[in-house]
Amino acid sequence: MADLNDEKPLRKISEAFKELAATVNSQTADVEVASFSRACSHVSPLFACLGIAFKFAEMDYVAKVNDLAGASKSIVTLQALLERDVEANAVRKGGSHSRNLLRVKRGLDMVRVLFEQILVTEGNSLKDAASKSYAQVLAPYHMWAIRKAVAAGMYALPTKAQLLKKLNEDEASARIQMQSYVATSAPVILYIDKLFLSRELGVDW
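All figures in this text were calculated on a predicted structure; none of them were measured in a lab.

In this section: the overall build of the protein. Assigned secondary structure in the protein consists of 10 helices and zero strands. N-terminal to C-terminal, the α/β element order of the protein is α-α-α-α-α-α-α-α-α-α. Compactness check: the protein gives a C-alpha radius of gyration of 17 Å against a globular reference of 17 Å for 205 residues, within 12% of the reference. C-alpha extents for the protein along the principal axes are approximately 50 × 40 × 25 Å. By the burial criterion, 49% of the 205 residues in the protein qualify as buried. Counting contacts in the protein only where the partners sit at least 6 residues apart, residues at least 24 apart contribute 75% of the total. Put simply, the protein shows about 10,000 Å² of open surface, and 53% of that area lies on carbon and sulfur atoms. Positive and negative side-chain charges of the protein, numbering 26 and 23 respectively, have mean locations separated by a distance of 5 Å.

What follows is about the pattern of salt bridges. Following the criterion strictly, the structure yields nine salt bridges and no others. Across the pair Asp-60 and Lys-64 runs a salt bridge whose closest N-O atoms are separated by 2.7 Å. Within this pair, Asp-60 and its partner Lys-64 are both found in helix H4 (residues 55-71), separated by four residues, close to a single helical turn. For Asp-60, a relative accessible area of 22% gives the class partly exposed. What makes Lys-64 buried here is its relative accessible area of 18%.

What follows is about the nonpolar core. Formed by 67 residues in total, the largest nonpolar core has its most connected members in Phe-17, Phe-36, Phe-54, Leu-78, Leu-108, Phe-115 and Phe-196. At 11 residues, helix H6 (residues 97-120) tops the list of elements feeding residues into this core. When near neighbours in sequence (up to four residues on either side) are disregarded, Phe-115 contacts Leu-10, Leu-46, Met-178, Tyr-181 and Val-182.

What follows concerns the environment of Phe-56. Among the structural elements, Phe-56 can be located in helix H4. Take Phe-56: its relative accessible area is 38%, and that puts it in the partly exposed class. Considered as a pair, Phe-56 and Val-150 are 94 residues apart in the sequence and their alpha carbons are 8.3 Å apart. In this structure Phe-56 touches His-142 and Ile-146, once residues within four positions along its chain are discounted.

On to unusual backbone geometry. The phi angle at Gln-27 is positive, at roughly 55°, despite the residue not being glycine. When you line up the elements, Gln-27 lands in the loop between helix H1 (9-26) and helix H2 (33-41). Even without glycine at this site, Glu-200 takes up a positive phi of about 55°. Along the chain, Glu-200 falls in the segment after helix H10 (171-197).

Okay, H1 next. Across its 18 residues, H1 extends 26 Å between first and last C-alpha, which sits within 8% of the 26 Å expected from 1.5 Å per residue. Three or more residues of H1 are buried, namely Pro-9, Leu-10, Ile-13, Ser-14, Ala-16, Phe-17, Leu-20, Ala-21 and Val-24. Each element contacted by the buried residues of H1 is listed here: H2, H6 and H10.

So, how was this worked out
Residues numbered from 1 in each chain as written. Predicted model: local features only at pLDDT ≥ 70, side-chain atom pairs only at ≥ 80, totals over all residues. Heavy atoms only, no water. Helix = DSSP H or I, 4+ residues; strand = E, 2+ residues; numbered from the N terminus. Rg over C-alpha atoms; globule rule 2.2 N^0.38 Å. Buried < 20%, exposed > 50% of the residue type's maximum accessible area, 1.4 Å probe, protein only. Contact = heavy atoms within 4.5 Å. Areas by Shrake-Rupley, 256 points an atom, 1.4 Å probe, with all protein chains shown as cover. Lys, Arg positive; Asp, Glu negative; His and termini not counted. Charge placed at Lys NZ, Arg CZ, Asp CG, Glu CD. Salt bridge = Lys/Arg side-chain N within 4 Å of Asp/Glu carboxyl O. Core = buried A, V, L, I, M, F, W, Y, C linked by side-chain atoms within 4.5 Å. Expected span 1.5 Å × (residues − 1).

Next up, the structure:
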């Protein structure tokens, strides 16, 4: 994949999630589907930068974010989106907006753990950080064939230096943006979990 020209995807991710976290932390406003899907779309290039190991995760994530972006034309808030599926008894239905929201949340969580691991891992290899984040967040929900393909793809991961070059960041600036995302994505992820758990819908499916 070519360098992302003069764009700085990490900064876009960081800024978008600062705004979402501010909404969540205000406890007075509901998160809008449009602003949520827009913030999530900024994460998509990161999956692409990780190469073949995360190809399935990238395709799955992008498709689900696109679905939520489409839903935002007729549904204003994440709360309303879930309520609509609850009323239609369609929460767990394949392709439902609620199901897609849960999948997108897992993608965000995987990136959060990936950044956490990159920040504490010495050296230039991303293998440990990527393996841990995948194993912790996505692997429990993937079939054996996908898990095996991801494991094989781990050997083709870019180095940390190559990843930063693709993202147009140096190590110091990348650390700041990654730390910001780790901090601001946590309340957003928790907010989504609470939307499901408060309605006794569970999140492990």
